[in-house]
Amino acid sequence: MLGAILDLGLALLALYLVRAIRTYYSLSHFGGHWVAGWSRLWLLRTQGSGEMNRRFTEVNRKYGSTARIAPGMLITSDVCQSFSLPIKSILSLLQSDFAELFRRMSAVRSPFTRGRWYAALKLHPDRDNITSYVDEHKHAAIRTRMAPGYAGKENVHLEADIDEQLLKFLDLISSKYVAQPERDIFRTVDLSQVTSYFTLDVISKVAFGQTFGFLDHDQDPFGYLANLAQMLPAVIVFGVYTELTNIMKLPAVKAALPKSSDKRGLGRVMGFARDRVQERFGPKAIRRQDMLDAFIKRGLTQEELESETLTQITAGSDSTASALRMTLHFISTSPPILDRLLAEARAGIEQGKISRPIIQDAEARQLPYLQACIKEGLRIYPPVTGLMAKMVPEGGAMIDVDGVEKFAPGRTQIGWNSWGMMHDPVVFGADAEIYRPERWLVRDESEKESGRVARMNETVTLCFGYGRFGCLGRGVATMELNKAVVETLLRFNLQSCNLAKPFDEKVVGFYVHTDMNFVVTERSSGDQSGLVRLEGDKVDAGALAGAYEE
Ligand code: HEM
């Protein structure tokens, strides 16, 4: 008996070793840390390090623009190098095999599909959502039905809803956080918190027609953010060992998961979503021309709506909040940049080109320096750093790694290194590590110069993903940024409390920022900043494209 068990054990071990060796050699021609070829522990350590963005970037710089990070898994920071070569660039449009890898994998007719990695984005044991479907057909079907809801046309209250929440945000700062040292009133505001409150209230208003009330209470009324922080270890582990998401189906685990009947945390938000969805059905159904209404018109069931609106909240709040807080941080800690932005905005107000009390989205898109500041914020801190891994089709694919063609076998997952991509000196210049909005302004009318800026524009929009997987909320996010950045800085002076360590940070696919404390004072009308007039307001603003084209 013991002998039989031993034989079985040895056979299984041999099988495991043969598989491990085969998997190792299938990708051994790609560079990478040697441990990553044998075990996912290297990836777990990297994802759990709190600085996955920087570590992945080191890997791509050391081992090549596409390198190995786990058995059967690569990561790419390959940018549109082909863009600088006109002939190759034309070919890339005609034949997707020439396009840089991230675009090639996400393109509409690409044979690449979503990888198993996406299953980690499931928020419910039995129910998938638009971000977690690995099945291409199911994903395409739900995306087709949801895209119109995100488009400007069907969302008639969108801009007014954002304006309303922005006014509340500004009011909260002015009523509660303005310091008045001359009256011995010393206060600080934690930007990491209030920016999250703003985007959470925007998204709930836009999604359901009702806010959660973060700004009203100046706190996390459901304990949602605190609950998300508790879930971070699970987010890290599931992101590596995706198959573990199946344990959510076990009765004991299922019972411990957030439920819509919970009084606090993610469950409470689920309950809020369920209640708002329920209000749209039945004899006394509430009617409002908004996202929820557009989804209902496209036939989403009550169950689908509950799950998709919850996804909207997780996908749309933290990403935009981090873009907002980081852009505010970089501008307010760089006086020449702040001055130039204020000069542009004040000139616009004087000339009647900027509505008061809140700038309109269309007006903001015409301000070249504001657009440059926003794009530079998205570039220097791309809000999504998760792998978003796509899968090589059966039969495999040739991958260009810095000019050398390498074969990736079918079912290899290829993750995305957004940080490495957005910090690429070939595309963004030798000072790519520095926040410098001026890089986005066209210096002269030469073809070379327009090519330089076009290449940067093409690359920064990838922060929102691309093609059939691209972000549906891009229009909402850019509208929030277009308004909130300039309106906050026009009203308030922000001074970081600790320039040596302005905030704490953990990067886990998104950013967990804490202790981002600023002293806020009212910007008086006699304030000297912004007196430098901006030359050349005829520059093409090159605003970030919204999602309205979808
Ligand atoms: C600066 C803010 C934002 C950034 C950088 C961003 C980025 C992204 C990225 C990288 C993806 C995934 C791409 C892929 O899978 O390859 C995505 C998907 C998505 N985003 Fe955003 N996002 C932002 C804001 C928003 C907002 C405000 C909403 C909701 C109003 C939203 C809704 C979605 C949805 C629904 C998807 C899934 C699309 C699909 O699976 O087809 N996002 N976003």
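Note that the structure is predicted; figures quoted are calculated from it, not measured.

Conventions adopted
- Residues numbered from 1 in each chain as written.
- Predicted model: local features only at pLDDT ≥ 70, side-chain atom pairs only at ≥ 80, totals over all residues.
- Heavy atoms only, no water.
- Axes fitted to C-alpha atoms, helices over the stretch in contact; angles between N-to-C directions.
- Helix = DSSP H or I, 4+ residues; strand = E, 2+ residues; numbered from the N terminus.
- Parallel < 35°, antiparallel > 145°, perpendicular 65-115°, else oblique.
- Contact = heavy atoms within 4.5 Å.
- Donors = N, O, S within 2.8 Å, 3.2 Å for Na, K, Ca; no water.
- Near = heavy atom within 4 Å.
- Polar contact = N/O pair within 3.5 Å; in protein donor to acceptor, adjacent residues only side chain to side chain.
- Expected span 1.5 Å × (residues − 1).
- UniProt positions renumbered as here; feature names shortened; annotations may be inferred.
- Buried < 20%, exposed > 50% of the residue type's maximum accessible area, 1.4 Å probe, protein only.
- Pairing = 2+ DSSP bridges.
- Salt bridge = Lys/Arg side-chain N within 4 Å of Asp/Glu carboxyl O.
- Core = buried A, V, L, I, M, F, W, Y, C linked by side-chain atoms within 4.5 Å.
- Patch = residues over 30% accessible without salt bridge, like charges linked within 9 Å, V, L, I, M, F, W, Y side chains within 5 Å.
- Areas by Shrake-Rupley, 256 points an atom, 1.4 Å probe, with all protein chains shown as cover.
- Nonpolar A, V, L, I, M, F, W, Y, C, P; charged D, E, K, R; others polar.

A short note on the packing of helix α15 (residues 335-350) against helix α21 (residues 474-491)
Geometrically, a packed helix pair is captured by the angle between its two axes and the distance between the axes.
Link 1 in the chain: Interhelical geometry of α15 versus α21 gives an angle of 95° and a closest axis separation of 10 Å. With respect to α21, the element α15 is oriented roughly perpendicular. Residues Leu-338, Leu-341, Leu-342, Ala-345, Arg-346 and Ile-349 of α15 form the contact with α21, whose participating residues are Val-485, Val-486, Leu-489 and Leu-490.

Examining the coordination of the iron atom of the ligand
Link 1 in the chain: Of all protein atoms, just one serves as a donor to the iron atom of the ligand, and that atom is Cys-471 (SG), at 2.3 Å.
Link 2 in the chain: Summarising the element assignment, Cys-471 is placed in the loop between α20 (447-460) and α21.

Quick word on the site of the ligand
Link 1 in the chain: Looking at the ligand, there are 26 residues lining it, with Arg-114, Tyr-118, His-139, Arg-143 and Cys-471 nearest.
Link 2 in the chain: Here an oxygen atom of the ligand sits 2.7 Å away from a polar atom, N or O, in the side chain of Arg-114.
Link 3 in the chain: Take Tyr-118: an N or O atom from its side chain is 2.6 Å from an oxygen atom of the ligand.
Link 4 in the chain: For the shell around the ligand, the element with the most residues is helix α14 (residues 302-332), which contributes four residues.

Observations concerning α20
Link 1 in the chain: Relative to the 20 Å expected for 14 residues at 1.5 Å per residue, α20 spans 20 Å between its end C-alpha atoms, a close match to the ideal helical length.
Link 2 in the chain: Where α20 is buried, its residues meet α5 (101-106), α17 (368-380), α18 (418-422) and α19 (425-428).

A closer look at the UniProt feature "binding site: heme" (unreviewed entry) in the chain
Link 1 in the chain: Here, the residues flagged by UniProt with the feature "binding site: heme" (unreviewed entry) are Cys-471.
Link 2 in the chain: The partly exposed category is assigned to Cys-471, whose relative accessible area is 30%.

Quick word on the pairing of strand β1 (residues 66-70)
Link 1 in the chain: Judged by how many residues are buried, β1 sits mostly within the fold: five of five residues are covered.
Link 2 in the chain: Pairing analysis gives four bridges linking β1 to strand β2 (residues 73-76), with the strands arranged antiparallel. Of the residues in β2, the one forming a bridge with Ala-67 is Ile-75.

Digging into the pattern of salt bridges
It is possible for side chains bearing opposite charge to pair when their charged atoms get close.
Link 1 in the chain: What the rule picks out here adds up to 32 salt bridges.
Link 2 in the chain: Linking Glu-136 and Arg-468 is a salt bridge whose minimum nitrogen-to-oxygen distance equals 3.1 Å. One end of the pair, Glu-136, is in helix α6 (residues 136-150); the other, Arg-468, is in the loop between α20 and α21, and 332 residues separate them in sequence.
Link 3 in the chain: Notably, a salt bridge pairs Arg-340 with Glu-438, separated by 3.1 Å at the nearest N-O pair. In this pair, Arg-340 sits in helix α15 while Glu-438 sits in the loop between α19 and α20, placing the two residues 98 residues apart along the sequence.

What to know about the nonpolar core
Considering soluble globular proteins, one finds that nonpolar side chains tend to be buried as a cluster.
Link 1 in the chain: Phe-212, Ile-331 and Leu-489 are the most contacted members of the largest nonpolar core, which has 120 residues in total.
Link 2 in the chain: Ranked by the residues each element gives to this core, the list is headed by helix α8 (residues 191-208), at ten residues.
Link 3 in the chain: Apart from residues no more than four positions distant in its own chain, Phe-212 is found in contact with Leu-200, Asp-201, Ser-204, Pro-221, Phe-222, Val-269, Phe-272 and Ile-313.
Link 4 in the chain: Among the nonpolar cores identified, the runner-up in size contains twelve residues, and Leu-27, Leu-101, Met-105 and Val-401 belong to it.

Focus: a nonpolar patch on the surface
Link 1 in the chain: A cluster of nonpolar side chains, contributed by Leu-6, Leu-10, Leu-13, Tyr-16, Leu-17, Ile-21, Tyr-25, Trp-34 and Trp-38, occupies part of the molecular surface with about 1,000 Å² of accessible area.
Link 2 in the chain: Tracing the backbone through its elements, the reader meets Trp-34 in the loop between α1 (2-26) and α2 (41-47).
Link 3 in the chain: With relative accessibility at 59%, the residue Trp-34 sits in the exposed group.

Things to note about the environment of Gln-312
Link 1 in the chain: In this structure, Gln-312 sits in helix α14.
Link 2 in the chain: In this structure, the C-alpha to C-alpha distance between Gln-312 and Ala-207, residues 105 residues apart in sequence, is 7.7 Å.
Link 3 in the chain: Sequence-distant contacts of Gln-312, defined by excluding residues within four places in its chain, comprise Tyr-150, Ile-203, Ala-207, Met-291, Phe-295 and Ser-317.

Some thoughts on unusual backbone geometry
Link 1 in the chain: In this model, Arg-356 is joined to Pro-357 through a cis peptide bond whose omega is 5°.
Link 2 in the chain: Relative to the helices and strands, Pro-357 is located in the loop between α15 and α16 (361-364).
Link 3 in the chain: In this model, Asp-184 sits at a positive phi of 60°, which is unusual for a non-glycine residue.
Link 4 in the chain: With a relative accessible area of 62%, Asp-184 lands in the exposed category.

Observations regarding the pairing of strand β8 (residues 413-416)
Link 1 in the chain: Here β8 shows two buried faces, one formed by Gln-413 and Gly-415 and the other by Ile-414 and Trp-416.
Link 2 in the chain: Direction of pairing for β2 relative to β8: parallel, over a ladder of four bridges. Residue pairing in the sheet places Thr-76 in a bridge with Trp-416 of β8.
Link 3 in the chain: Relative to β8, strand β5 (residues 390-391) runs antiparallel, the two being bridged by two bridges. When the sheet's bridge partners are listed, Lys-390 is paired in β8 with Ile-414.

Structural notes on the packing of α17 against α21
Link 1 in the chain: At a minimum axis separation of 10 Å, α17 and α21 run at an interaxial angle of 110°. In terms of axis orientation, α17 runs roughly perpendicular to α21. Across the interface between the two elements, Leu-370, Gln-371, Ile-374 and Leu-378 from α17 touch Leu-481, Asn-482, Val-485 and Val-486 from α21.
Link 2 in the chain: Along the lines of polarity and charge, the residues of the contact of α17 with α21 split into six nonpolar, two polar and no charged.

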